Every structure is written in C-alpha cells, then in structure tokens.
Amino acid sequence: MEGRDDQPTADVESGARLRPSAVRSRGAVTWPSVDGPLGVSWEEAETSARRFFFWGFAFLPLLWAVNCFYFWPVLVSKASPSSSPHFSRIRSYVVWSSIGFVIFAVLLTAWALTFAIGGEHLFGPMWKDLVMYNLADKLQLTGLM
C-alpha cells in the first residue's frame, strides 16, 4: 500500500517508517515533538506532556524545561486547535510547563543573587551560619591533615 504524495511513508535518509502524526494547517506541517516525522504519535505525545507537567511539581522543575523543548513545535505552532483533538490538551500542558519553569528560574536566580551579592552585608552576623564554605572549620576538620 503506497502513501499519499503529500505525506511520505518512509524517511529518505534512514528508511524508517514515518508516523502519520503530522497536522497540516495552512500548508505548514506541525509535528507534536521535535523528533518530527520519526517522533511520537499525538496520543503518546499527550501522555508524555502530561507526565512531564505533573512530575515537574515533584521538585523536578527541569522537567518543565524538557517539556517545553521536546514539544517546541506545539508551543510555537500557529495550527488551530481543531486540527487535532490532542493539540489543545498538549499545548495547555506545554504552556503551563513554560510558565512554571520561568517562575522557577526567576526564584532560583533571585535566591542565588541574594546570597552572591548580599552576603554578609545583607545577613549580618547570621551569614557565618548560612554559608557552607567554612563547614570544615565548624566541624573542626581542618587540623586533621
């Protein structure tokens, strides 16, 4: 059985069979993941996007960044939600993952800059209890060598 002319069934370079998971909108092809024609189907993509999104709440916010990267075509696509029933659900997971990662990155940067710039001037005498570089002195481990 041959594929249609506008949708090839095999990759020219690798010879691998392509998945029919592309969405055509205004002449442009939208794939659910950065893998393009060799990637996951829309059903698998929705499951993966949901898992990345919810596991990001388990103190693994870098999974939100992975979600945004892996489903980048869905995030930046101009395709209409009616083009695939899974498109709008995947897009909502990816958009909320990007928002969550931006919030995480801003909080992490603010926390790091507070300690890097503020230091002893900001925290006063409590600074010596907060820093970790004098841990060996606190535990009296410097005289062992």
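This is a predicted model, so every value here is computed, not measured.

How each quantity is defined
Residues numbered from 1 in each chain as written. Predicted model: local features only at pLDDT ≥ 70, side-chain atom pairs only at ≥ 80, totals over all residues. Heavy atoms only, no water. Helix = DSSP H or I, 4+ residues; strand = E, 2+ residues; numbered from the N terminus. Buried < 20%, exposed > 50% of the residue type's maximum accessible area, 1.4 Å probe, protein only. Contact = heavy atoms within 4.5 Å. Polar contact = N/O pair within 3.5 Å; in protein donor to acceptor, adjacent residues only side chain to side chain. Phe/Tyr/Trp six-rings, centres within 6.5 Å; stacked < 30°, edge-to-face > 60°. Core = buried A, V, L, I, M, F, W, Y, C linked by side-chain atoms within 4.5 Å. Expected span 1.5 Å × (residues − 1). Arc of directions from axis to C-beta. pLDDT = per-residue confidence, 0-100. UniProt positions renumbered as here; feature names shortened; annotations may be inferred.

> Would you mind going over the environment of Asn-67 with me for this structure?
Here Asn-67 is to be found in helix α2 (residues 62-70). The class for Asn-67 is buried, based on a relative accessible area of 0%. When the C-alpha positions of Asn-67 and Arg-51 are compared, they lie 9.2 Å apart, and in sequence the two are 16 residues distant. Not counting the four nearest positions on each side in its chain, Asn-67 is found in contact with Ala-49, Phe-52, Phe-53, Tyr-93, Val-94 and Ser-97. A distance of 2.8 Å separates polar atoms of two side chains, one belonging to Asn-67 and the other to Ser-97.

> Quick question: what am I supposed to make of the packing of aromatic side chains here?
The relative placement of two aromatic rings is captured by the distance of their centres and the angle of their planes. One pass over the full model with this rule turns up eleven aromatic pairs. Pairing Phe-53 with Phe-57 gives two aromatic rings, centres 5.2 Å apart and planes at 85°, and the pair type is edge-to-face. Every member of this aromatic cluster is reached through a ring pair, and the members are Phe-53, Phe-54, Phe-57, Trp-64 and Tyr-93.

> Even after reading the chapter, I still don't get the side chain of Ser-97, so can you show me in this structure?
Inspection of the secondary structure puts Ser-97 in helix α4 (residues 87-123). Residue Ser-97 is classed as buried on the basis of its relative accessible area, which comes to 0%. Of note is the side chain of Ser-97, whose polar atom sits 2.8 Å from the backbone oxygen of Tyr-93. Every residue in contact with Ser-97, bar those within four places of it in the chain, is listed here: Phe-53, Trp-64, Asn-67 and Cys-68.

> Where do I start with the nonpolar core in this structure?
Side chains of nonpolar character tend, in soluble globular proteins, to be buried together. One finds Trp-42, Ala-45, Ala-49, Phe-71, Val-74, Ile-90 and Val-94 to be the most contacted residues of the largest nonpolar core, which totals 15 residues. Mapped by element, the contributors of at least two residues to this core are α1 (42-56), α2, α3 (72-76) and α4.

> Looking at this model, I keep getting lost on α1. Mind explaining?
Each α-helix winds once per 3.6 residues, and so residues spaced three or four apart point in a common direction. With 15 residues, α1 extends 21 Å between its outermost C-alpha atoms, agreeing within 8% with the 21 Å of an ideal straight helix rising 1.5 Å per residue. When α1 is considered as a whole, its buried residues turn out to be Trp-42, Ala-45, Glu-46, Ala-49, Phe-53 and Gly-56. Projected down its long axis, α1 shows its buried positions confined to an angular sector of 105°, all on one face. Of the residues in α1, the exposed ones pointing more than 90 degrees away from the buried face are Arg-51 and Trp-55.

> How do you make sense of the confidence of the model for the chain when you look at a structure like this?
Residues shown with low pLDDT carry predicted positions that ought not to be read at fine detail. When pLDDT is averaged along the chain, the result is 75; 68% of the residues meet or exceed 70. Across the chain, the element-wise mean pLDDT spans from 49 in strand β1 (residues 23-25) up to 90 in α2. Confidence drops under pLDDT 50 across residues 1-12; counting only partners more than four residues distant or on other chains, this segment forms 14 contacts.

> Can you help me understand the UniProt feature "transmembrane region" (unreviewed entry) in the chain in this one?
In the numbering used here, UniProt assigns the "transmembrane region" (unreviewed entry) feature to residues 52-72 and 93-117. A helix fraction of 71% and a strand fraction of 0% characterise residues 52-72, whose end C-alpha atoms lie 14 Å from each other. Within residues 93-117, the helical portion is 100% and the strand portion 0%, while the C-alpha atoms at the span's ends are 35 Å from each other.

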